[in-house]
Each structure stands twice: as C-alpha cells, then as structure tokens.
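# Coordinates in review
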Amino acid sequence: MNRKLWSGGLVALLLLLFSLTLAACGDDDETSGDSVTTVGGETAAIESNPANGDVKIVVGSKNFTEQEILGEIFAQGLMAAGYDVSTELNLGEEKTALKAVESGTIDAYPEYTGTALGSFFGVASDDIPTDPQAAYERARKGFADKGLTALPPTPFTSSNEVALTGDRAEELGVEKISDLQGKSQDLTLYGAPECRQRQDCLLGLQDVYDLEFQKFVPVDIALRHKVLEAGQADLSIVFTTHPQNEREGLVLLEDDRGMFPPYNSTLVVRDETVEAAGPDLERVAEQVEEGLTNEVMSELNARVDLDKKTPKQVATEYLRESGLVE
C-alpha cells in the first residue's frame, strides 16, 4: 500500500512496526483470527453477529475532517459487527447534528464532551470540569435528559487552541493567551462561523481573558490554517489534533486560565437505537475507540488533510491496521 505518512509521525513509525509484526506472525493470525497486535496493544477483532442484521443504524457527523473520519470508523466498525449501517456525514455544526439525532434523521454521531457542555447544556467555560472523565459524566447526564446515550469517550481529546505562526509569535512576544492583553485590539482573529457564539471560542476569549480583537472573521474549518499561512489572520482557532500544527511550525498559545475544556469524543446514540442494537453496539464502540490516542487521531487527520485520502479510506486503514477487521 502506498502510504504518504505525515513526516513528523511517531504514529507512522508505530504503524510501520505494527505491519512488520503482522508479517512476522501472519500464519498464526490467519489460523486463530482472535487477536492481533495493534498500536494500542492486543485487541480482539470485531465479531459479526447475524442477529444484528435486523437493526438499521444511520451514523452522522459534523462538518470537518476529524468528524467524518470518526463517523466512518464507527459506521464501518458497526457494519463489521453485522448491523445494517448507512451514513449521513458532514451535516453541519454541532447544533445541526444534535437536531438530526434528536429528530431521528440519524441514530448516532460523535460529539465532544466540552462542546456539548458549553453549547448544549449552558455550562459556563469556567464551570466545565477540567478532568476528562468528570466532563464526560456531566455531558452524559445532559444527553440522558434528551433521550440520548453518550457512550464512553475516546482516549484522545481534540481541544480548541489559539494558533499563530512562529514568526508572528516571536514578533508579538507571546507564549500564552493572556500575553495578548494590550495587543489583541490590533489583531485579526479567524475561527469557524459558530465561534462567535461559543464560550469555548470568541466569547470565552472576551469573557475569560478580557480580550477584544480588531476583527473576528468567520472562516470554513478547512481554511483555518491557510489564513495563517497566507498572512490574512494574525490568530486562528485550531484543533490540537490538526497535523498542520506541527507540519507548519505553528505556535499554540498556552491556555493559562483553563478556558478550553476537555474535548474527548463520545458517540451519542438515540436511546431507542441502543435498546434495539443490544450490547454489541457499546462493545464495538469501545473496540474502535481503544486505539484513538491523540497521536493516532492526528495521523488519521493527516492522511485526509495532507495526503488527500478520503475519510472512508482512512477509516478502513485504521480498522485494518488495528486488527479490528480483516
């Protein structure tokens, strides 16, 4: 397989070692079919249950690379377990996705705990737990009140951060967000369109850090790095799992007042779907999530954003390289 891996990829090295391990013990794996060594350690392959074929599950996602990859990983994992799965990816921002799962347009989609608490459940940024498990538990209760089940979260957390080029950071003399005080009024900030209304974005920077910017410009999520490269933006809100951060030598300012909450991903599923699907649903979700560390998620994002593969292709690669599917 021709794999243009991210040049900074520690994970790419791990995945290469994984491939060599498979080659060294291929006969045993083909015979047993029970477990293989993955980047996350020993794990069992997803088992197909013919009874699951009567359960239809529509998996959705929000409108950016990482979400589409996660949506495909869950969809393909559930399909391997025998469920009748279809996808409705790239739905829009978080409120659009929530409306879709509440209305039954989709049955499940991946959401971030910090996003849910701030955007859906009205939790102020300084009240969101900094402990990922505590944030998940609080989000789980909020979803339960809506007739939705939030399955256990991923190991990785994809937090928002304020980014700028290394040259601009040196010019401004900034290392943490609070260093922008007295300077932000002369700077242009770019972010996703919904950033303007979110406490974990522009509103939080205004309320928690008391920052005012010369201008805030909404931009498509896929362009948040490009506006920095082009010199259009002084600052841009990016995700910590974006591979471009390291590739392009961006500086992520320290969130020294803890404004950005944990953003572990949880698969949010309609209660009716959970009941119909039975225990295999949560089992499969836990299996596919086990290897999704920050490094692995950044590598998967790189394969789409930098290597120009499709989310579907990358999800298939992840499941195969992890030994979860043949």
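These numbers were taken from a predicted model, which means no experiment stands behind them. (Residues numbered from 1 in each chain as written. Predicted model: local features only at pLDDT ≥ 70, side-chain atom pairs only at ≥ 80, totals over all residues. Heavy atoms only, no water.)

Scanning the model with the defined rule gives three cavities of 30 Å³ or more in all. By volume, the largest cavity amounts to about 170 Å³. Lining the largest cavity are 20 residues, and of these Asn160, Ala192, Glu194, Arg198 and Phe239 sit closest to its centre. Tallied by class, residues from the lining of the largest cavity come to nine nonpolar, five polar and six charged. (1 Å grid on protein atoms, 1.4 Å probe; cavity = no way out; pocket = protein on both sides within 12 Å on 5 of 7 lines; lining within 4 Å. Points joined across faces, edges and corners; volume = space filled by probe spheres on them. Nonpolar A, V, L, I, M, F, W, Y, C, P; charged D, E, K, R; others polar.)

Once that is clear, we can look at the packing of aromatic side chains. In total, this model carries five aromatic pairs according to the counting rule given. On the basis of an interplanar angle of 15 degrees and a centroid distance of 6.3 Å, the ring pair of Phe64 and Tyr112 is categorised as stacked. Of this pair, Phe64 sits in the loop between strand S3 (56-60) and helix H3 (65-80) while Tyr112 sits in strand S5 (residues 108-112), and the two are 48 residues apart along the sequence. Across this residue pair, the class does not change: Phe64 and Tyr112 are buried. (Phe/Tyr/Trp six-rings, centres within 6.5 Å; stacked < 30°, edge-to-face > 60°. Helix = DSSP H or I, 4+ residues; strand = E, 2+ residues; numbered from the N terminus. Buried < 20%, exposed > 50% of the residue type's maximum accessible area, 1.4 Å probe, protein only.)

Roughly 410 Å³ of volume is contained in the largest pocket. In terms of lining, the largest pocket is formed by 22 residues, of which the most central are Thr65, Ile221, Ala222, Gln244 and Asp305. Those elements that provide at least two residues to the lining of the largest pocket are H3, helix H9 (226-229) and helix H13 (294-305). A per-element tally of the lining of the largest pocket places H3 first, with three residues.

It is worth spelling out the environment of Gly71 at this point. Residue placement: Gly71 occurs in helix H3. We classify Gly71 as buried; its relative accessible area is 0%. A C-alpha to C-alpha distance of 9.0 Å links Gly71 and Leu267, two positions 196 residues apart in sequence. Setting aside residues no more than four positions away along its own chain, Gly71 makes contact with Val59, Gly60, Leu89 and Pro110. (Contact = heavy atoms within 4.5 Å.)

Strand order in this open sheet of five strands is S9-S8-S10-S7-S11, and the pairing throughout is mixed. Each having just a single partner strand, strand S9 (215-218) and strand S11 (250-252) make up the two edges of the open sheet. When strand polarity is set aside, the average angle formed by the axes of neighbouring strands in this sheet is 35 degrees. Looking at chain direction, strand S8 (residues 188-191) and strand S10 (residues 235-239) are connected through two bridges and run parallel. Each bridged residue has a counterpart across the sheet, and for Tyr190 the counterpart in S10 is Ser236. (Pairing = 2+ DSSP bridges. Axes fitted to C-alpha atoms, helices over the stretch in contact; angles between N-to-C directions.)

Two side chains that carry opposite charge are able to pair once their charged atoms sit near each other. This model, assessed by the stated rule, comprises 14 salt bridges. In this structure, the salt-bridge partner of Glu317 is Lys309, at a minimum N-O distance of 2.8 Å. Neither residue differs from the other here; Glu317 and Lys309 are each classed as buried. Beyond isolated ion pairs, a larger network of salt bridges with shared partners links Glu299, Arg303, Lys309, Glu317 and Glu321. (Salt bridge = Lys/Arg side-chain N within 4 Å of Asp/Glu carboxyl O.)

Enumeration according to the criterion identifies one disulfide in this entry. Covalently, Cys195 is tied to Cys201 through a disulfide, its sulfur atoms 1.9 Å apart. Residues Cys195 and Cys201 are joined through a disulfide that is left-handed, its torsion about the S-S bond being -95 degrees. In this structure, Cys195 and Cys201 share a single accessibility class: buried. (Disulfide = S-S within 2.5 Å.)

Most of strand S7 (residues 160-165) sits out of view: five of its six residues are buried. With four bridges connecting them, S7 and S10 associate as antiparallel partners. Within the sheet, the bridge partner assigned to Ala163 lies in S10 and is Ser236. Judged from the three bridges that link them, S7 and S11 form a sheet pairing that is antiparallel. Within S11, the position partnered with Thr165 by the bridge is Leu250.

Another aspect to go through is the nonpolar core. Residues Ile73, Tyr83, Ile177, Leu205, Leu292 and Leu300 are the most contacted members of the largest nonpolar core, which totals 61 residues. Tallying contributions element by element places H3 first for this core, with six residues. Setting aside its immediate chain neighbours within four residues, Leu300 contacts Ile69, Ile73, Leu292, Val314 and Tyr318. In terms of nonpolar packing, the next biggest core, distinct from the first, is built from 19 residues, Ala116, Ala135, Tyr136 and Ala139 among them. (Core = buried A, V, L, I, M, F, W, Y, C linked by side-chain atoms within 4.5 Å.)

As a further point, take the confidence of the model for the protein chain. Close reading of the predicted structure is inappropriate where its pLDDT is low. With 87% of its residues at a pLDDT of 70 or more, the protein chain has an overall mean of 87. Low pLDDT, under 50, characterises residues 1-42; the stretch is placed with 64 contacts to residues that sit more than four places away or in other chains. (pLDDT = per-residue confidence, 0-100.)

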